[in-house]
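What the coordinates show
Below are the chains, spelled out letter by letter.
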Amino acid sequence: MIINLVIAVVLLATGLWCLLYAERIQVRITAYHEDLKRTERASPLFLHVTSRNYELPIRALGFLLILLFL
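Residues numbered from 1 in each chain as written. Predicted model: local features only at pLDDT ≥ 70, side-chain atom pairs only at ≥ 80, totals over all residues. Heavy atoms only, no water.

Details of the overall build of the chain
On a plain count of helices and strands, the chain comes out with three helices and zero strands. Of the regular secondary structure in the chain, the N- to C-terminal order runs α-α-α. Taken over C-alpha atoms, the radius of gyration comes to 16 Å for the chain, far larger than the 11 Å a tight globule of 70 residues would show. With respect to the three principal axes, the spread of C-alpha positions in the chain is 55 × 20 × 15 Å. In the chain, buried positions account for 20% of the 70 residues. When the accessible surface of the chain is summed, it comes to about 5700 Å², and 70% of that surface belongs to carbon and sulfur atoms. Within the chain, one finds 7 positive and 5 negative side-chain charges whose respective centroids are separated by 3 Å. (Helix = DSSP H or I, 4+ residues; strand = E, 2+ residues; numbered from the N terminus. Rg over C-alpha atoms; globule rule 2.2 N^0.38 Å. Buried < 20%, exposed > 50% of the residue type's maximum accessible area, 1.4 Å probe, protein only. Areas by Shrake-Rupley, 256 points an atom, 1.4 Å probe, with all protein chains shown as cover. Lys, Arg positive; Asp, Glu negative; His and termini not counted. Charge placed at Lys NZ, Arg CZ, Asp CG, Glu CD.)

Considering the pattern of salt bridges
For the structure on display, the rule yields three salt bridges. Between glutamate 34 and lysine 37 there is a salt bridge, with the nearest N and O atoms lying 3.3 Å from each other. Taken as a pair, glutamate 34 and lysine 37 lie in helix H1 (residues 2–37) at a separation of three residues, close to a single helical turn. Here glutamate 34 falls in the partly exposed class, since its relative accessible area comes to 31%. Here glutamate 55 ties to arginine 59 by a salt bridge, and the two come within 3.1 Å at their closest N and O atoms. (Salt bridge = Lys/Arg side-chain N within 4 Å of Asp/Glu carboxyl O.)

Thoughts on the packing of aromatic side chains
Scanning all chains against the criterion turns up two aromatic pairs. Pairing tryptophan 17 with tyrosine 21 gives two aromatic rings, centres 6.1 Å apart and planes at 35 degrees, and the pair type is tilted. Taken together, the residues span about one helical turn, with tryptophan 17 and tyrosine 21 both in helix H1 at a distance of four residues. On the basis of relative accessible area, tyrosine 21 is assigned to the partly exposed category, the value being 34%. The interplanar angle of 85 degrees and the centroid separation of 6.1 Å between the aromatic rings of tyrosine 32 and phenylalanine 46 together place this pair among those described as edge-to-face. With tyrosine 32 in helix H1 and phenylalanine 46 in helix H2 (residues 44–50), this residue pair connects regions lying 14 residues apart in the sequence. (Phe/Tyr/Trp six-rings, centres within 6.5 Å; stacked < 30°, edge-to-face > 60°.)

What follows is the structure, encoded as structure tokens:
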């Protein structure tokens, strides 16, 4: 019983966190990408990965976690 409650709270908290902070996470990824572009040691693959927009998938993950909570 307690384990189910803990799992439910973790799902809800993580889902809400993803929904509410997706934009901030994307801003940090974009800022990191801009900093990486100015260095010579950044690999092209890593630059490609950090240049993507991850806001929608993060929000979708948050929505899915909240659905799992219900």
